[in-house]
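Take a look at the letters that make up each chain.
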Amino acid sequence: MRISPKSLRLSTLLLLFFVVTMSISAVPPRKQKPNKKKTAASSVAPKSLKVVQSTNSVEVTTDDGNQFLLPKYEKIFEDQHPAFPTSDKLLTDAGANLTPSLELMKEKMLEQKEMQELSSRLGISITEPTHLDLYREVADWLGTRYRRGGMSRKAVDCSGFTNIIYKNVYGMQLDRVSTAIAKNVKESISKDDLEPGDMVFFSTFKKKYINHVGVYIGDGKFIHASIKHGVIVSSLTEGYYSTAWRKGGRNL
C-alpha cells in the first residue's frame, strides 16, 4: 500500500487521537428491551473499555518507497471492581447480621414465657429477668414437705431450706439455725426496703427470739418451709406473719 507523506501524517494524527480517546474507561452500552419490566438487581459486575497495544504492527509504505511500522491497538473489556458491594454481597451480609438478631429475639421470647410461668407459680409479678435464677430455684422446691433438721428434696426445715437456696443460687454458706442466721446478717433491712433474695425473720409461737426464716421474692411475699404446709409462698401482710415479723436481713 503506497500513500503520500501528507496522508501519512494525517493518518498518524488521527490514529493518535483515537488512542487517546479510547483509553478512557467507559461502560459499554446496553440495548434496551421495550415493554419489559426491570429484573432484580444483577450480580454481574460492570465492565470498562481498555485500549492496549497489540503485539502485531501495521506496515505502511510512502510514495517515495520508505516503509514504516505503525503500532496496532486492540479494545478489551475488563471487569470493574464496583465501588459499592453487589446485591448478592448485601444479601449475604444482611443475612449474617440478621441471624444473631433472630437468636436474641428467640431467647427474649423464651425468657418472657418463663417469667410468665414463674409469676403464675409463685403468685408474684415478674417483669425483669434480674432474679430469674432465684425464682427458678425456689419454684422447684414448692410443695416439699417439712421435717425438723431436714435438708433434702424429701424434706426440709426453714433454715435448711434457706441454706440450700443461698448455696445453690448465690454460692453462700449460711449458719444452720435461724437464730444464728439472723444474728450474723451483714445488714438489717426494714420491711419496706426488702428486695428479692433478702431474708425475712420471725418469732413464731409467741417466742421471744427469732426461730423462723424465709426468702423474700417480691410483691410483699416470701417463700419458706412451713411446719403445716411444707415449702409455700406466704404474704408479709398475713395476720400471723405480720405479727410475728422481726426484721429483714441482707447478705448479698
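Above this text you will find the structure in question.
Let me sum up the structure you'll find in this document. (Residues numbered from 1 in each chain as written. Predicted model: local features only at pLDDT ≥ 70, side-chain atom pairs only at ≥ 80, totals over all residues. Heavy atoms only, no water.)

## Brief notes about unusual backbone geometry
Unlike most non-glycine residues, Lys 206 shows phi in positive territory, near 60 degrees. Within the secondary structure, Lys 206 is located in the loop between strand E7 (199–202) and strand E8 (212–218). (Helix = DSSP H or I, 4+ residues; strand = E, 2+ residues; numbered from the N terminus.)

## Details of the packing of aromatic side chains
Considering all chains together, one arrives at 7 aromatic pairs under this definition. Look at Phe 202 and Trp 245: their rings are 6.1 Å apart centre to centre, the planes differ by 75 degrees, and that puts the pair in the edge-to-face class. Here Trp 245 lies in strand E11 (residues 245–250) and Phe 202 lies in strand E7, a separation of 43 residues in the sequence. Exposure class is identical for Phe 202 and Trp 245. Each is buried. Between Phe 222 and Tyr 241, the ring centres sit 5.2 Å apart and the planes meet at 80 degrees, which makes this aromatic pair edge-to-face. One end of the pair, Phe 222, is in strand E9 (residues 221–226); the other, Tyr 241, is in helix H6 (residues 239–244), and 19 residues separate them in sequence. (Phe/Tyr/Trp six-rings, centres within 6.5 Å; stacked < 30°, edge-to-face > 60°. Buried < 20%, exposed > 50% of the residue type's maximum accessible area, 1.4 Å probe, protein only.)

## With respect to the layout of surface pockets
Over the atoms rolls a probe the size of a water molecule, and its path tells where empty space is left. Roughly 600 Å³ of internal volume is contained in the largest pocket. Going through the elements one at a time, helix H4 (158–170), helix H5 (178–183), E9, strand E10 (230–235) and H6 are the ones with two or more residues in the lining of the largest pocket. The residue inventory of the lining of the largest pocket, partitioned by class, reads 11 nonpolar, 10 polar and 5 charged. (1 Å grid on protein atoms, 1.4 Å probe; cavity = no way out; pocket = protein on both sides within 12 Å on 5 of 7 lines; lining within 4 Å. Points joined across faces, edges and corners; volume = space filled by probe spheres on them. Nonpolar A, V, L, I, M, F, W, Y, C, P; charged D, E, K, R; others polar.)

## Some remarks on the pairing of E10
Alignment of E9 against E10, held across 6 bridges, turns out to be antiparallel. Among the inter-strand pairings, His 224 is bridged to a residue of E10, identified as Ile 232. In this antiparallel pair of consecutive strands, E9 and E10, the connection spans 3 residues. (Pairing = 2+ DSSP bridges.)

## Quick notes on the pattern of salt bridges
Taken as a whole and assessed by the stated rule, the structure comprises 6 salt bridges. With a shortest N-O distance of 2.6 Å, Arg 136 and Glu 114 are connected by a salt bridge. Of the two residues, Arg 136 sits in helix H3 (residues 132–140) while Glu 114 sits in helix H2 (residues 87–122), which places them 22 residues apart along the sequence. Here Arg 136 makes a salt bridge to Asp 133, at a shortest N to O gap of 2.8 Å. A residue pair is termed a helical-turn pair when its members lie 3 or 4 positions apart in one helix, as Arg 136 and Asp 133 do in helix H3 at 3 residues. One salt-bridge network, held together by shared partners, links Glu 114, Asp 133 and Arg 136. (Salt bridge = Lys/Arg side-chain N within 4 Å of Asp/Glu carboxyl O.)

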